[in-house]
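Overview (structure and organization)
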Amino acid sequence: MSTLRALARAQAVAAGRAQPVATVRHLHLSDRPLVLVPLALAGEANAPLAVLVGAAPDEARLLVVPQPRNRDQRFAFAAELAGIVLPYLDSFRGVTEAVAVDRGRDVRHRYVDAPQLLVPNPAGITFLRLFGRSTRFRRPDGDHPVHPSVPLLGRWLTFFAERAEQPGSAALLALTDALTLHWATGQSAVEDLHLPAVLGWLDPPPGSTGAEAALRAEDPALVPPAGPATDPDFDNHRLAPAIEAYAGAGDDPAARSSAYAELAALVRGQFAPTWELMWRGVGLLRALPPGARVAGRWAGDRDAFTGYAEHVDAGGGPQPRRDGAVAAALRLQRLERALTAWAVQRAYDDPLVMAEHRLAGEAFVGEVTLADPKRVDDSGRRPVLRPRIQVVTVEPVPMPVGATLYSPARPGQKATVVFVTPGGDGKTEVVLELSGGMGRGLTAPAGSVPEVGERICLTSLSDGYLPGGVFPTPEETPWTHGGPPEHHVEPSSEDLTAQ
């Protein structure tokens, strides 16, 4: 936990309300997200009990598995869920746009928008990932056939679960993570996994503090859990009798219908508070203006959605159970690069996030006191424009001479530290030489060089391109890392004779 976030948590306790730790929204928020609130049967490995799903507050659809241990009913539930999710995904596949690639020498096409799934908490993402794994390899023929939409649903759920691992992706979001990314509550990180408690801190009822609202929200008798786990008391005293009543109805259609209606009403009562909280949370996030680099990250989600849709249309197979050595290394590198870019982009978009890096000695803010925008360096083969500026700051400057710094206001420009001169009054003078972001001529365009009196932020964090590593092909991977074994040649009779 950073120093600023710890301070914000302490302030939240003192003020009785969550405190903002961001000035902009760092995640894309769809105009029409699909909200899924799943429930699982306690004591069973990812046995779905019910789900409430819809793309608007008044479009909630409830799907219930009366006998979660019954294999046929579970896959019938999956087919029903596919009947909602797959049309939602297809609704984003109507319009494409051309995107220039290879420096404008070619184009590719991607969808202008992409679907977004929202669940209450990280456990909801885990539920969808496991449910996708249990359905994507099913077959519509052979032993235990399922509806053809079931394996397709499993492949798409796996796709969204994998996107949720990508830092900065907004294809599948846990609402608790999205809210606590922008606000600090006065409770622990573990308690922040509970959606009702988080909303209690963010939007407490009139006359109560966030702590009081969170304490009330943690009482399952007053506010049911946000799933997928249910309250044990509810399981033992209400849910189990309702499931037994459905099982005891036998083949009597009227009795089964009545028992199912009672079970559905019972489950809907557990869902109702969470459904309302989900849309309240979406409203709080929507009130924040999006960061400047949010659209770029969402373009990456649209690229991924387009690519996987094309893979499915071409008859490609489901995701493997386990990655090979090269695929795993590539995935790890992609996630590491995304994590680095995610941290830098958030800092560039948000002064509050950048303040954490200033405390860590990775950035400082100062005022430009001198500027030479016309300076030309003619020591090389040809003269090049290399303006210099002097920045005075009261913050520590741990960057050494020769370090390359960047400014969020001019991300395409590099500033090389030339001199660092500590002053006796607590101020430090930093002389920097600028390059890039000023065109190719010997005259800097207006605004490309910081002017005297301008207050700028300089950081060692770079928002530039991160090159990827070089990995062997699967055929060249050693057998010790999952590659093919060396080709074994049986000795001939002549070789045996020679021995």
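Note: the structure precedes this text.
Residues numbered from 1 in each chain as written. Predicted model: local features only at pLDDT ≥ 70, side-chain atom pairs only at ≥ 80, totals over all residues. Heavy atoms only, no water.

1. Some words on the overall build of the protein
- Scanning the protein from terminus to terminus reveals 13 helices and 17 strands.
- A principal-axis box enclosing the C-alpha atoms of the protein has dimensions of 95 × 95 × 50 Å.
- A total of 499 residues make up the protein; the buried ones form 45% of that total.
- Within the protein, counting contacts between residues at least 6 apart in sequence, those at least 24 apart form 69% of the total.
- About 25400 Å² of surface is accessible on the protein, with carbon and sulfur atoms providing 55% of the total.
- Seen as two clouds, the 48 positive and the 57 negative side-chain charges of the protein have centres 5 Å apart. (Helix = DSSP H or I, 4+ residues; strand = E, 2+ residues; numbered from the N terminus. Buried < 20%, exposed > 50% of the residue type's maximum accessible area, 1.4 Å probe, protein only. Contact = heavy atoms within 4.5 Å. Areas by Shrake-Rupley, 256 points an atom, 1.4 Å probe, with all protein chains shown as cover. Lys, Arg positive; Asp, Glu negative; His and termini not counted. Charge placed at Lys NZ, Arg CZ, Asp CG, Glu CD.)

2. Let's talk about the packing of helix H6 (residues 195–202) against helix H9 (residues 253–286)
- Orientation of H6 relative to H9, taken along the N-to-C sense of each, is 45°, at an axis distance of 10 Å. On the basis of the axis angle, H6 is oblique to H9. The handedness of the crossing between H6 and H9 comes out as left-handed. Residue-level contacts link Leu195, Pro196, Leu199 and Leu202 of H6 to Thr274, Leu277, Met278, Arg280, Gly281 and Leu284 of H9.
- A class-by-class count of the residues in the contact of H6 with H9 yields seven nonpolar, two polar and one charged. (Axes fitted to C-alpha atoms, helices over the stretch in contact; angles between N-to-C directions. Parallel < 35°, antiparallel > 145°, perpendicular 65-115°, else oblique. Left-handed = near helix turned anticlockwise from the far one by under 90°. Nonpolar A, V, L, I, M, F, W, Y, C, P; charged D, E, K, R; others polar.)

3. Some thoughts on the sheet that holds strand S2 (residues 34–40)
- Taken in spatial order, the five strands make up an open sheet running S4-S3-S2-S7-S8, and their pairing is mixed. What marks the edges here is a single partner per strand, and that holds for strand S4 (61–64) and strand S8 (172–174). Across the sheet, the axes of successive neighbouring strands diverge by a mean angle of 20°, strand direction being ignored.
- Those strands touched by helix H2 (residues 71–90) are S2, strand S3 (48–54), S4 and strand S7 (117–119), and its axis lies near 15° from that of S3.
- Of the strands in this sheet, S2, S3, S7 and S8 are in contact with helix H3 (residues 122–135), which crosses S8 at around 140°. (Pairing = 2+ DSSP bridges.)

4. Details of the packing of aromatic side chains
- Enumeration over the complete set of coordinates arrives at 11 aromatic pairs.
- Taken together, a centroid distance of 5.4 Å and an interplanar angle of 85° make the contact between Trp156 and Phe159 edge-to-face. Taken together, the residues span about one helical turn, with Trp156 and Phe159 both in helix H4 (residues 149–164) at a distance of three residues.
- With 5.1 Å between their ring centres and 80° between their planes, Trp156 and Tyr308 make a pair best called edge-to-face. In this pair, Trp156 sits in helix H4 while Tyr308 sits in helix H10 (residues 294–313), placing the two residues 152 residues apart along the sequence. In this pair, the class of Trp156 matches that of Tyr308, namely buried. (Phe/Tyr/Trp six-rings, centres within 6.5 Å; stacked < 30°, edge-to-face > 60°.)

5. Here's the deal with the pairing of S4
- With four bridges connecting them, S3 and S4 associate as antiparallel partners. Across the sheet, the residue bridging to Ala50 is Val64, located in S4.
- Linking two consecutive strands that pair antiparallel, namely S3 and S4, is a turn of six residues.

6. Notes on H9
- Between the first and last C-alpha of H9 there are 46 Å, a value that for 34 residues agrees with the 50 Å anticipated at 1.5 Å per step.
- Where H9 begins, one side-chain oxygen reaches toward the backbone nitrogen of Ala254, 3.2 Å away; that side chain belongs to Asp252. (Expected span 1.5 Å × (residues − 1). Polar contact = N/O pair within 3.5 Å; in protein donor to acceptor, adjacent residues only side chain to side chain.)

7. Details of the environment of Thr209
- By secondary structure assignment, the location of Thr209 is in the loop between H6 and helix H7 (210–217).
- Assessed through its relative accessible area of 31%, Thr209 is described here as partly exposed.
- Between the C-alpha atoms of Thr209 and Ala18, which are 191 residues apart in sequence, the distance is 9.8 Å.
- Other than its neighbours up to four places away in sequence, Thr209 contacts Gly16 and Pro204.

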